Amino acid sequence: MSYRMMSRCLMLLLVFHWAPKTAEAQEHRIVGTGSSVLLTALPTHDQTVINHIQWEYISSVPALSVVDYYGTGTEPIVFKSYKDRVIFYSSNGSLLLKNVHETDSGTYRATVNLNKIKARQTTLLVLEPVSKAQIQINSTVAGSSIELSCKVLIGKVQAIDWKKDGKPLPKNRCYQVSENFSLLYIPEAQKSDCGAFSCNVSNDISWQETSVNLTIEGIRPSLKLALEISTVALVIATTLAAGSGLGFIILCCQSEKRKLTGELWRWLVVFIHGLVCVSAILMFTAAVFWMQEEGFSTALVLYMIFLTGVIMVTLLISAVLAICPQRLQMFKKKTMHRVILDTAAPGGVILVVVFAIFLTQNIQHLQRKGCSPFFDGTAAILIAAAISLLILLAPFVWCKYQPCSFYAYFKAF
Ligand SMILES: *[C@@H]1O[C@H](CO)[C@@H](O)[C@H](O)[C@H]1NC(C)=O
Ligand SMILES: *[C@@H]1O[C@H](CO)[C@@H](O)[C@H](O)[C@H]1NC(C)=O
Ligand SMILES: *[C@@H]1O[C@H](CO)[C@@H](O)[C@H](O)[C@H]1NC(C)=O
Ligand SMILES: *[C@@H]1O[C@H](CO)[C@@H](O)[C@H](O)[C@H]1NC(C)=O
Ligand SMILES: *[C@@H]1O[C@H](CO)[C@@H](O)[C@H](O)[C@H]1NC(C)=O
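Just so you know, these numbers come straight off a predicted model, no measurement behind them.

Thresholds, definitions, all that
- Residues numbered from 1 in each chain as written.
- Chains lettered and ligands numbered in written order.
- Predicted model: local features only at pLDDT ≥ 70, side-chain atom pairs only at ≥ 80, totals over all residues.
- Helix = DSSP H or I, 4+ residues; strand = E, 2+ residues; numbered from the N terminus.
- Buried ≥ 20, exposed ≤ 12 C-beta atoms within 10 Å, placed from the backbone.
- Contact = placed C-beta atoms within 7 Å.
- UniProt positions renumbered as here; feature names shortened; annotations may be inferred.
- Near = placed C-beta within 6 Å.
- Nonpolar A, V, L, I, M, F, W, Y, C, P; charged D, E, K, R; others polar.
- Pairing = 2+ DSSP bridges.
- Axes fitted to C-alpha atoms, helices over the stretch in contact; angles between N-to-C directions.
- pLDDT = per-residue confidence, 0-100.

J.: Could you clarify how one ought to interpret the overall build of the chain in this entry?
T.: Regarding its fold elements, the chain presents eight helices and 17 strands. The 413 residues of the chain split such that 24% are buried. A separation threshold of at least 6 residues defines the contact pool for the chain, and within that pool the share at least 24 residues apart is 69%.

What follows is the structure in structure tokens.
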């Protein structure tokens with residue numbers, strides 16, 4: 001036999017020997033950090049007597065020796081970097097890796113009785129389990145485009161799966177996800193987008209699902225504040241209107257003998273003008289918030305100028321009347337001034353009521369675009385209206401049973 005033939009035979013032998021064995025001799029394992037992994041040196045039911053075994057980590061250059069064992073009666077040699085981290089079973093040659101880290105990933109080879117061909121390889125992938133994701137939402141306002149991000153702090157994420165209300169994302173809305181699925185975009189958020197969004201982050205050894213409730217707001221917080229402020233202003237103004245109506249009735253019906261004058265009257269006027277001033281300031285604030293959100297308009301600016309006038313005049317009247325009432329006569333010398341002073345309070349109440357109704361109606365309409373529980377001022381306004389009505393009706397009821405003048409009612413007041 002020539003040398004060439006011999007080498008060819010050897011090659012054939014090698015291939016024969018190698019081919020069926022390779023599938024079995026290669027194993028892949030995926031485990032979580034901190035776990036223990038048993039690596040086997042021989043296929044199951046293989047009864048080979050172990051005279052010598054060498055365990056190596058072959059993913060590094062050069063390969064690292066892990067354990068060397070020279071048959072019964074000898075102590076296995078555990079190499080330095082694996083001391084206290086491995087348990088070697090001399091009965092079957094298995095190796096237990098304890099408390100594995102990501103750096104332990106790689107291929108381990110067990111060579112039994114120096115038979116390199118039959119050497120068994122195990123490729124280990126050590127993964128950190130994923131931590132619970134955090135979902136961040138960048139906006140909740142209806143009409144805006146919303147971005148939900150699923151953030152994972154620990155662990156290598158291999159897949160992210162989004163769901164809405166526990167079901168796959170609805171097809172009828174054009175939700176989009178980023179390339180690696182970590183972001184979910186909702187274009188032009190609307191009421192139907194309210195619900196529980198969840199992201200399931202996973203890798204081969206673990207998964208975690210996080211859920212967040214998305215509540216679409218019809219309006220921004222500043223408009224919500226504007227709504228609350230204008231409701232309060234409306235309640236004050238409505239009650240004031242009723243109160244002034246009553247005052248007017250009393251004034252008209254009082255017997256000529258005793259006009260309502262003096263201290264009580266003065267403080268009543270101070271009080272009324274003070275309240276008109278407060279409600280006008282509230283409406284001014286609400287108008288500023290409204291302008292911030294809905295933009296600039298001439299009508300609004302004009303309205304705010306009128307309101308400023310009301311605020312100044314009512315403030316002046318109540319201050320002067322409270323501090324030195326004699327001075328007020330001074331202001332009343334010119335007809336023009338008198339007209340302004342006399343119309344400030346009723347005019348202010350009308351301005352406040354009309355604009356407050358406009359604002360509350362519009363903002364409540366906007367609120368319905370979302371699904372957040374919304375502030376409804378209707379109840380407050382109805383109560384205010386009812387109280388006002390009672391105030392106005394009270395003298396009539398009173399007088400029906402006591403056929404006296406309104407003066408009597410006023411005295412009881
Ligand atoms: C090898 O022996 C150890 C200890 O006796 C045992 O825990 C392990 O399961 C055995 N491995 C195999 C592959 O039989
Ligand atoms: C939220 O993210 C989306 C998409 O990136 C962006 O278009 C939108 O302007 C963001 N909204 C806010 C309020 O930042
Ligand atoms: C997804 O890609 C973004 C950049 O496009 C990156 O910041 C983020 O960490 C990635 N997330 C994951 C889970 O891979
Ligand atoms: C999360 O994803 C993993 C991997 O795809 C899956 O096994 C698991 O059932 C999912 N969990 C839920 C709650 O859907
Ligand atoms: C979302 O809302 C539902 C009920 O409306 C509640 O049971 C659940 O705990 C909420 N989930 C979160 C993450 O707040």
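J.: Please explain the UniProt feature "transmembrane region" (unreviewed entry) in the chain as it appears in this structure.
T.: The residues that UniProt annotates with the feature "transmembrane region" (unreviewed entry) are residues 229-252, 264-290, 302-324, 336-359 and 379-399. Taken end to end, residues 336-359 is 100% helix and 0% strand, and its two terminal C-alpha atoms sit 32 Å from one another.

J.: Can you help me understand the site of ligand 1 in this one?
T.: The environment of ligand 1 is made up of Thr40, Tyr89, Ser91, Asn92 and Ser94. Counted by class, the shell around ligand 1 contains one nonpolar, four polar and no charged residues.

J.: Any chance you could explain the sheet that holds strand β7 (residues 95-97) here in plain terms?
T.: In sheet architecture, strand pairing relies on hydrogen bonds along the backbone and comes in two forms, parallel and antiparallel. Taken in spatial order, the three strands line up as β2-β7-β6 in an open sheet, and their pairing is antiparallel. Each having just a single partner strand, β2 (37-39) and β6 (86-88) make up the two edges of the open sheet. Strand-to-strand twist in this sheet, taken as the mean axis angle between neighbours without regard to direction, amounts to 20°.

J.: How do you make sense of the site of ligand 4 when you look at a structure like this?
T.: Within the structure, ligand 4 sits among Ala159, Asp161, Asn200, Ser202, Trp207 and Glu209. Contributing elements (two or more residues each) for the shell around ligand 4: β12 (159-164), β16 (195-203) and β17 (206-214). Per-class residue counts for the shell around ligand 4 are two nonpolar, two polar and two charged.

J.: It is not clear to me how the environment of Phe358 should be interpreted in this structure. Could you clarify?
T.: Residue position: Phe358 is located in helix α6 (residues 335-367). Assessed through the 13 C-beta atoms surrounding it within 10 Å, Phe358 is described here as partly exposed.

J.: Honestly, the confidence of the model for the chain in this entry has me stumped. Any pointers?
T.: Do not read the fine detail of predicted coordinates wherever pLDDT is low. Summing up the model confidence of the chain, the mean pLDDT is 84 and the portion of residues at 70 or higher is 85%. In this model, residues 9-24 is a region of pLDDT below 50 whose contacts with residues beyond four sequence positions or in other chains number four contacts. Note on residues 402-413: pLDDT is under 50 here. Beyond four places in sequence and across chains, it has 18 contacts.

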